[in-house]
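# Fold and geometry: a report
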Amino acid sequence: MEQQTQHLTNYFAIGDLVAEVSIALEKARLTQQELIDSYFGKWQPTKKKDDINYVAYDFERYDVFARIAEDYMFEISKKITELEEKIKLCESVTKDGFAG
């Protein structure tokens, strides 16, 4: 019975981590899309010179967006590592449960 409880606890922990990774990934995707559409979309040599000035003016603002996306990517990386550890633990509990 204790192994089943441990297995369910691991299962729910894995589900929580997957949800956290999904949320962080969506935040990173939206931030990246903002950078692409609102900042890098302006930087085209064929556009008017005024648009290039806006790009220079907005540099600091969009630098913040880039750093936010970087933070989300770091968070995702940590959660994936944690998820891999939980999966290994779950596998070992399952193997031990079947062996015993």
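Residues numbered from 1 in each chain as written. Predicted model: local features only at pLDDT ≥ 70, side-chain atom pairs only at ≥ 80, totals over all residues. Heavy atoms only, no water.

Assigned secondary structure in the chain consists of 3 helices and 0 strands. Taken from N to C terminus, the helices and strands of the chain fall in the order α-α-α. Counting over 100 residues, the chain shows a buried share of 20%. For the chain, the proportion of contacts with a sequence separation of at least 24, taken over those separated by at least 6, is 80%. Taken as a whole, the chain presents about 7,800 Å² of accessible surface, with 59% of it coming from carbon and sulfur. (Helix = DSSP H or I, 4+ residues; strand = E, 2+ residues; numbered from the N terminus. Buried < 20%, exposed > 50% of the residue type's maximum accessible area, 1.4 Å probe, protein only. Contact = heavy atoms within 4.5 Å. Areas by Shrake-Rupley, 256 points an atom, 1.4 Å probe, with all protein chains shown as cover.)

This next bit is on the nonpolar core. Residues Val21, Ala24, Ala28, Tyr72 and Ile76 constitute the largest nonpolar core, which totals 5 residues. Of the residues forming this core, the biggest block, 3 residues, is contributed by helix H1 (residues 2-40). (Core = buried A, V, L, I, M, F, W, Y, C linked by side-chain atoms within 4.5 Å.)

This part takes up the pattern of salt bridges. Scanning the entire structure with this criterion turns up 3 salt bridges. A salt bridge links Arg67 to Asp63, with the nearest nitrogen and oxygen atoms 3.1 Å apart. One end of the pair, Arg67, and the other, Asp63, are both in helix H3 (residues 59-99), 4 residues apart, so they sit about a helical turn from each other. (Salt bridge = Lys/Arg side-chain N within 4 Å of Asp/Glu carboxyl O.)

As a further point, take the environment of Val21. Mapped onto the fold, Val21 is located in helix H1. Overall, Val21 belongs to the buried group, its relative accessible area being 14%. In sequence terms Val21 and Ser77 are 56 residues apart; their C-alpha atoms lie 8.6 Å from each other. Setting aside residues no more than four positions away along its own chain, Val21 makes contact with Ile76, Lys79 and Ile80.

The next thing to look at is the confidence of the model for the chain. Scored by pLDDT, the chain has a mean of 80; 80% of the residues are at 70 or more. Ranking the elements of the chain by mean pLDDT puts helix H2 (residues 49-57) last with 74 and H1 first with 83. (pLDDT = per-residue confidence, 0-100.)

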